[in-house]
Amino acid sequence: MRPLSQRFARNACFGLLGTLLFTSGVLVLLLWSWLFDILIASMLVLKPDSQTFDLWRKPPIPLALDFYFFNWTNPEEINDPSKKPRFVEIGPYRFRELREKVNFIWNQNDTVTYQQLRRWNFDEENSVGRVTDSITTLNAVTMSAAHHIKDWNYFLKRGFSHTLAAVSPDVHIIRTVGELLFDGYDDPLVDIASTFPFLSAGIPSFDKFGWFYTRNNSYTFDGIFNIGTANGDFGQVKSWNYENETKFYSGECAKVHGSAAEFYPRNLERDYIGFFSPDMCRYVKLDYEKDTTIKGINGYKFSAQAGMLDNGTLRPENECYCNGECVPSGMLNVSSCRYGTPAFVSLPHFYGADPIYVNMVEGLHPEKERHETFITLEPKTAAPLEVSVRLQLNIRTLPVDSITLYEEIPEIFFPMLWFEQSVRLPNSLSWGIWIVANANIICPIVGSVMTILGTSLLAYVTGQLVTEAIHQRKQKIHKLYKEEVPLTQSTYDPTMFKRKLSYLDIIYS
Ligand SMILES: *[C@@H]1O[C@H](CO)[C@@H](O)[C@H](O)[C@H]1NC(C)=O
Ligand SMILES: *[C@@H]1O[C@H](CO)[C@@H](O)[C@H](O)[C@H]1NC(C)=O
Ligand SMILES: *[C@@H]1O[C@H](CO)[C@@H](O)[C@H](O)[C@H]1NC(C)=O
Ligand SMILES: *[C@@H]1O[C@H](CO)[C@@H](O)[C@H](O)[C@H]1NC(C)=O
Ligand SMILES: *[C@@H]1O[C@H](CO)[C@@H](O)[C@H](O)[C@H]1NC(C)=O
Ligand SMILES: *[C@@H]1O[C@H](CO)[C@@H](O)[C@H](O)[C@H]1NC(C)=O
C-alpha cells in the first residue's frame, strides 16, 4: 500500500472532483434550459466590444455575387408582332464581395446607426467569361426617357423623337458586362439629360449609366440604417435614412421595419420572416415553406411565395406596393426606388410569377432549384444556415405614340439580368450551431453522465475510506495484540474478534 499521505491526497482529490461533478451534473440537469437561454441572449446583442459585433461588422464568410445576363438575339424583330423577343442566358459572372459596416453611432435608445460599405472584385476563375464580353440588351436609358415624356404634347414628343433618331437610333445596345454593371457607359441621352435638366427626372442623375454604377466602394449607396441592439429589437431596422417611412410607397407599404437581413428574432414560428431590402426600398416577407436539414442541423426554410410576390389578390396588404396600376403577380414595381426608371423586380426567369410573363418572351425557363429565393434559419437561435437571394431586373416596355422608335414596341416586361447571392453556413461555424440546436438532447446527456461519474467517484472514495478505516482498526488491534496472538487467518478465532471489538469500543468511545 502507498503511504498514508498519498492515499489521503488522492481520496481528497477524487472526493472533491466527485462532489463537483455530481453538483454540476445535477445543476445542468435542472437548470440547463434556463442557463442556455441566458447564454444565447447574452450573445444576441450588439455591443462595441462583443464577439457578435465583430462577426457582424465584417462577416468572415466569403460572399459572392453572381450575375446572369439575357443576351437578346433578335432585336431587329422587335416591331414584328408575330415574333417574341428571344434570349440566351449568359453567366455566371462572379464578383467576390467584401462587406463592412462603418460609421457607427451608438445611441442611448438601444439602437446603432451605421452605413455599409460594399466592394466587389471580379472572379474570372469562377465566371463563364470576362467582363469584356459583349451583351445585346434593351437600351434602358432611352426607354426610360420615353416613358417619362409619354404625356408631353405632340410637338415636344416629335422633337424628342428626332433627337433620338439622331443620337440613339436603336432599341437595343451592345455593351460589355463591365459597362453594364460597375463601370457604367456613356449614353448620349445621359449627356443630353445633364444639359437639359427637365429631362433628367426620367433618367438617373449620373454622368454614366450602369446597373451597379457608383456602387463599388460606396458606403452611402445602401443608405443609413438604424437598428435595435438588444432584446426584441435586436437586428431590426428602426429607420432608414433617418426616416421610419419611405417615400416610395404609401400606407403600410412605406413602413421601414423587419430585420436588417442578418439577425432574426429567435424561437421562430413556422409562419414567416421579414426583412427590409434597400435594393427594393421595401419590407419583404418570406413565408414558411418546410423543415429541412443542413449539415445535420434542423432548419426552417422561408421562401418567396405569395407574401413577397402577390399583387394584392391573395394578400390584400400587398396592394399598396403596386404604386398605381397593379400588374399580374410576381412583379414588383421599383420605379420610384430607381429614379423613375420603369424597373420591375421579379424572381429569375419569372419563377413563381404569373405565367403571362414567361410567355411574352422566348428562352426563359423557371426552375425551383436555380431560381427561388429562400432563407433557412435554425429555429432556436435564428442563425442562418443557408441563404439564396436571387432577383431579376426587368424593364417595362410600352408603346409611346409620336416617338418613332417606340411606336410599335410591344408591351412586355423585358428581362435585363438577374443576380444571385448564396451563402451556406461554413463548417467552422456549423459545429457551434449544431451544439446549440441539439442542446435539448446534449445537455441532459452531459448532465446525466456528469452525475453518474460524480456518484461513481464518490462511491469509490467512500469505499476507499471504509477500507482504510477497517485497515487502520486492524493495525491498531494488531498492535495491541501483537504480543499475545499474531493476527493471521490460521489462528483466527471469533471470540478474539469480539474482544478486538470491545477494545475498539474503548478506543473510539
Ligand atoms: C450575345 O449575342 C451576340 C449575337 O446576338 C453575340 O455576338 C455575342 O457574342 C453574345 N454574347 C456572349 C457573351 O456570348
Ligand atoms: C434612437 O436615437 C437616434 C439618435 O437620437 C435616432 O436617430 C433614432 O431614430 C432613434 N431610434 C428610435 C427607434 O427611436
Ligand atoms: C472595385 O474597387 C476596387 C478598388 O477599390 C477595385 O480593385 C475593383 O476592381 C473594383 N471592382 C469592380 C468590379 O470594378
Ligand atoms: C415614425 O416617426 C414619427 C415621428 O417622426 C412617429 O410619430 C411615428 O410614431 C413613427 N412610426 C413608427 C412606426 O415608429
Ligand atoms: C410603377 O411605379 C411608378 C412610380 O410610382 C408609377 O408611376 C407607375 O405607374 C407604376 N407602374 C405600374 C405599371 O404600375
Ligand atoms: C393580380 O395577379 C393575379 C394573378 O397573377 C391576376 O390574375 C390579376 O389580374 C392581377 N391583378 C391585377 C389588378 O392586375
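Conventions adopted
- Residues numbered from 1 in each chain as written.
- Chains lettered and ligands numbered in written order.
- Predicted model: local features only at pLDDT ≥ 70, side-chain atom pairs only at ≥ 80, totals over all residues.
- Heavy atoms only, no water.
- Near = heavy atom within 4 Å.
- Polar contact = N/O pair within 3.5 Å; in protein donor to acceptor, adjacent residues only side chain to side chain.
- Areas by Shrake-Rupley, 256 points an atom, 1.4 Å probe, with all protein chains shown as cover.
- Nonpolar A, V, L, I, M, F, W, Y, C, P; charged D, E, K, R; others polar.
- UniProt positions renumbered as here; feature names shortened; annotations may be inferred.
- Helix = DSSP H or I, 4+ residues; strand = E, 2+ residues; numbered from the N terminus.
- Phe/Tyr/Trp six-rings, centres within 6.5 Å; stacked < 30°, edge-to-face > 60°.
- Lys NZ or Arg CZ within 6 Å of the ring centre and 35° of its normal.
- Salt bridge = Lys/Arg side-chain N within 4 Å of Asp/Glu carboxyl O.
- Disulfide = S-S within 2.5 Å.
- Buried < 20%, exposed > 50% of the residue type's maximum accessible area, 1.4 Å probe, protein only.

### Quick word on the site of ligand 2
Taken together, Asn107, Asn109, Thr111, Asn226 and Lys238 make up the full set of residues adjacent to ligand 2. Within the side chain of asparagine 109, a nitrogen or oxygen atom sits 2.5 Å from an oxygen atom of ligand 2. At a separation of 3.3 Å, a nitrogen atom of ligand 2 approaches a polar side-chain atom of asparagine 226. Computed on the free molecule, ligand 2 has an accessible area of 370 Å², of which 49% lies beneath the protein chains in the complex. Taken together, the residues of the shell around ligand 2 sort by class into no nonpolar, four polar and one charged.

### Here's the deal with the UniProt feature "transmembrane region" (unreviewed entry) in the protein chain
Per the UniProt annotation, the sites labelled "transmembrane region" (unreviewed entry) are residues 12-35. Taken end to end, residues 12-35 comprises 100% helix and 0% strand; its first and last C-alpha atoms sit 30 Å apart.

### Observations concerning the packing of aromatic side chains
Within the structure shown, the criterion is met by 38 aromatic pairs. Taken together, a centroid distance of 6.2 Å and an interplanar angle of 90° make the contact between phenylalanine 67 and phenylalanine 182 edge-to-face. Note that phenylalanine 67 is positioned in strand β1 (residues 63-72) and phenylalanine 182 in helix α5 (residues 177-183), a separation of 115 residues in sequence. One aromatic cluster is present, formed by Phe67, Phe95, Trp120, Phe122, Phe182, Phe212 and Phe419 through successive ring pairs. A cation over an aromatic ring shows up here: lysine 285 above the ring of tyrosine 272, its NZ or CZ 4.4 Å from the ring centre.

### Digging into the pattern of salt bridges
All chains considered together, the criterion is met by 29 salt bridges. For aspartate 401, the salt bridge identified is with lysine 157, shortest N-O distance 3.1 Å. One end of the pair, aspartate 401, is in the loop between β14 (384-397) and β15 (412-424); the other, lysine 157, is in helix α4 (residues 154-167), with 244 residues separating them in the sequence. In this structure, the salt-bridge partner of glutamate 420 is arginine 390, at a minimum N-O distance of 3.2 Å.

### A short note on the state of the cysteines
Counted by the stated rule, this structure contains three disulfides. Across the disulfide, cysteine 281 is cross-linked to cysteine 337 (sulfur-sulfur distance 2.0 Å). Judged by the sign of its S-S torsion, about 75°, the cystine formed by cysteine 281 and cysteine 337 is right-handed. Placement of cysteine 281 in the loop between β8 (272-277) and β9 (282-294) and of cysteine 337 in the loop between β11 (332-333) and β12 (343-346) is noted, with a sequence separation of 56 residues between them. For cysteine 281, a relative accessible area of 2% puts it in the buried group. For cysteine 337, a relative accessible area of 5% corresponds to the buried category. When the bonded cysteines of the protein chain are counted from the start of the sequence, the pairing works out to 1-3, 2-6, 4-5.

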